[in-house]
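Descriptive structure summary
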Amino acid sequence: MEAIILGTSAAEGIPALFCGCDACQSARIAGGKDIRARQSLYLPPDIVIDLGPDCLYAVHRFGLDWSALSTLLYTHSHSDHCVPQELEYVRPVFANHRKANGLDVYGNEGVRASIQSTLDEHEDVRLHPAPPFVPIQLPNATAVPVPSHHKTDGEETLNYIITRDGKSLLCAWDTGYYDEETWEFLKTVRLDGVLVECTFGANKRDPKWPYHLDLPSAVALRDRLQAQGTLVEDAPGIITHFSHNGVLPYEAFQDLAGTFGMQVAYDGMRVTL
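Residues numbered from 1 in each chain as written. Predicted model: local features only at pLDDT ≥ 70, side-chain atom pairs only at ≥ 80, totals over all residues. Heavy atoms only, no water.

**So, the overall build of the protein chain**
Helix and strand content of the protein chain: six helices and 14 strands. Against the globule reference of 19 Å for 273 residues, the protein chain gives a C-alpha radius of gyration of 18 Å, in line with a compact fold. Principal-axis analysis of the C-alpha atoms places the extent of the protein chain at approximately 50 × 45 × 35 Å. Residues classed as buried in the protein chain amount to 55% of the 273 residues present. Of all intrachain contacts in the protein chain linking residues separated by at least 6 positions in sequence, the fraction that spans at least 24 positions is 68%. Of the roughly 11900 Å² of accessible surface on the protein chain, 52% is carried by carbon and sulfur atoms. (Helix = DSSP H or I, 4+ residues; strand = E, 2+ residues; numbered from the N terminus. Rg over C-alpha atoms; globule rule 2.2 N^0.38 Å. Buried < 20%, exposed > 50% of the residue type's maximum accessible area, 1.4 Å probe, protein only. Contact = heavy atoms within 4.5 Å. Areas by Shrake-Rupley, 256 points an atom, 1.4 Å probe, with all protein chains shown as cover.)

As structure tokens, then:
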């Protein structure tokens, strides 16, 4: 299985649009891996998780061809993850000579309501529910939605386990430490890699905001997956979804995360399981 991490930031991006903090100024000067667009993941050639506001930029930046894209999986309806207006462009004349027949779109009730309120109904976008723990059979993969711990505004956010070519990857962003229901389910699966959020970065997470992780809690999540036999030995643990409040320059952050056996994601990073 191949995955391309298109964006690795939280909602504000890095450098953030209007920000003059040290982290953003450092990223502007350094460029390269310190420039971070909003979180999104592409599993070539046909699956994207979270079609957010920076996906067109990612397609151009990394030379991607999405004419075969057939499946969109959404974690939740927040605007850094779900931009319904972009789905308009799958229709002819905006998209011609596509290799896929429209898009099958999966998400929670909030996602589907957001898309329905924004987009005129047409046959090129087909909306489907994504009930937690119920496998979604895709043309060349299986996706299992699992509830994250990111229940803001009453909306249940989903993470996804993607299985393809005999390998499974947990895509876990916009979550705090999982509730026991999710942990119990994860005991029934085997993972070959985990892509886990680290919004607070090197800063200690605010206990008043339990819906995101910092580096120690991301490591704790990885460690529990290994301890309960869910994550196979030597499987990659990769952190992503960083806020400018807590992120370090890439090389310094990788040095720190590496002491815990974690990799720091960057925009355009390719992961092969």
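**Quick word on the nonpolar core**
Judged by nonpolar contacts, the single largest core of 32 residues is most densely connected at Ile-161, Leu-170, Leu-225 and Ile-239. Contributions of two or more residues to this core are made by β8 (141-147), β10 (167-172), α4 (180-186), β11 (193-197), α5 (215-227) and α6 (250-258). Residues in contact with Ile-161, not counting those within four places in the same chain, are Thr-142, Ala-143, Val-144, Val-146, Ser-168, Leu-169, Leu-170, Phe-185, Leu-186, Val-189 and Leu-191. With 25 residues, the next largest nonpolar core counts Ala-3, Ile-49, Ala-143 and Ile-238 among its residues. (Core = buried A, V, L, I, M, F, W, Y, C linked by side-chain atoms within 4.5 Å.)

**Some thoughts on the layout of surface pockets**
By volume, the largest pocket is sized at about 440 Å³. Element by element, the count of residues in the lining of the largest pocket is highest for helix α2 (residues 55-62), at three residues. (1 Å grid on protein atoms, 1.4 Å probe; cavity = no way out; pocket = protein on both sides within 12 Å on 5 of 7 lines; lining within 4 Å. Points joined across faces, edges and corners; volume = space filled by probe spheres on them.)

**Observations regarding the sheet that holds strand β7 (residues 136-138)**
Taken together, the seven strands give an open sheet; going across it, the order is β7-β8-β9-β10-β11-β12-β13, and neighbouring strands pair in mixed fashion. One side of each edge strand has no neighbouring strand; the edge strands of this open sheet are β7 and β13 (263-264). Pairing analysis gives four bridges linking β11 to strand β12 (residues 237-240), with the strands arranged parallel. The partner of Val-194 across the bridge, within β12, is Gly-237. (Pairing = 2+ DSSP bridges.)

**Some remarks on the packing of aromatic side chains**
The final tally for this structure, using the stated rule, is seven aromatic pairs. An angle of 85 degrees between the planes, with centres 5.1 Å apart, marks the rings of Tyr-89 and Phe-94 as edge-to-face. A residue is classified by how much of its surface remains accessible, and Phe-94, at 55% relative accessible area, is exposed. Members of the aromatic cluster, connected to one another through ring pairs, are Tyr-177, Tyr-178 and Trp-183. In this arrangement the basic side chain of Lys-33 is found over the ring face of Tyr-266, its NZ or CZ atom lying 4.3 Å from the centre. One cation-aromatic arrangement involves Arg-224 over Trp-183; the distance from NZ or CZ to the ring centre is 4.3 Å. (Phe/Tyr/Trp six-rings, centres within 6.5 Å; stacked < 30°, edge-to-face > 60°. Lys NZ or Arg CZ within 6 Å of the ring centre and 35° of its normal.)

**Observations regarding the side chain of Ser-217**
Residue position: Ser-217 is located in helix α5. Apart from the residues lying within four places of it in its own chain, the contact partners of Ser-217 are Tyr-177 and Arg-205.

**Comments concerning the sheet that holds strand β2 (residues 40-43)**
The strand order β6-β5-β4-β3-β2-β1-β14 describes an open sheet built from seven strands, whose pairing is mixed. Both outer strands of the open sheet, β6 (125-129) and β14 (269-272), are each paired with one neighbouring strand and no more. Looking at each pair of strands side by side, their axes are set apart by 20 degrees on average, direction ignored. Sheet analysis places β2 next to strand β3 (residues 47-49), joined by three bridges and oriented antiparallel. By the bridge assignment for β3, Leu-43 is matched with Ile-47. Against the sheet, helix α3 (residues 109-118) engages β5 (103-107) and β6, with an angle of about 155 degrees to β6. (Axes fitted to C-alpha atoms, helices over the stretch in contact; angles between N-to-C directions.)

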